[in-house]
Amino acid sequence: MWGIPFDEDVYWERRREEWENPKAFCRRKPWDEDEPVYESGTLYLDEEIEEIEAKRGYPMSELYEGDLLEILEELKGIEAESAVWVPGFDAIDYKIKIA
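Residues numbered from 1 in each chain as written. Predicted model: local features only at pLDDT ≥ 70, side-chain atom pairs only at ≥ 80, totals over all residues. Heavy atoms only, no water.

A.B. asks: Kindly report on the sheet that holds strand β1 (residues 37-44), identifying the contributing residues and their values.
C.D. replies: Pairing within the open sheet is antiparallel, and its 3 strands lie in the order β1-β3-β2. Sheet topology places β1 and β2 (82-86) at the edges, where each strand pairs with a single neighbour. Looking at each pair of strands side by side, their axes are set apart by 20 degrees on average, direction ignored. Bridge analysis of β2 against strand β3 (residues 91-98) gives 5 bridges, and the strand direction is antiparallel. By the bridge assignment, Val86 is partnered in β3 with Ala91. Relative to β2, helix α4 (residues 65-76) is tilted by about 95 degrees, and along the sheet it contacts β1, β2 and β3. (Pairing = 2+ DSSP bridges. Helix = DSSP H or I, 4+ residues; strand = E, 2+ residues; numbered from the N terminus. Axes fitted to C-alpha atoms, helices over the stretch in contact; angles between N-to-C directions. Contact = heavy atoms within 4.5 Å.)

In structure tokens form, the structure reads like this:
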């Protein structure tokens, strides 16, 4: 068609190699290569709950995520990405981005 010689054996050999080892022929980056890695943890607040509630003026269950992040930083120096109050355990679950 365009004057380029076509060798069918070379084409099918290349296709066979692609099927056997798709990672070697992949032109895209793996989907999770640029994704950040997170580590989760829990901060249990047994004695501190009453002090925190008195200082903030609200029960722990009504505090926003930003308030929980501030509490983590004040008490333990943890700079978390997200935080959630777990009422059954009187704890804050948090996630930290790993560099």
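After that view of the structure, there is still more to cover.
A.B. asks: Tell me about the pattern of salt bridges, residues and numbers included.
C.D. replies: Scanning the entire structure with this criterion turns up 8 salt bridges. Taking the shortest distance from any N to any O, the salt bridge between Glu74 and Lys55 comes out at 3.3 Å. Residue Glu74 is found in helix α4, and its partner Lys55 is found in helix α3 (residues 48-56); the two are separated by 19 residues along the sequence. Between Arg56 and Glu74 there is a salt bridge, with the nearest N and O atoms lying 3.5 Å from each other. Of the two residues, Arg56 sits in helix α3 while Glu74 sits in helix α4, which places them 18 residues apart along the sequence. Taken together, the shared-partner salt bridges connect Lys55, Arg56, Asp67, Glu70 and Glu74 into one network. (Salt bridge = Lys/Arg side-chain N within 4 Å of Asp/Glu carboxyl O.)

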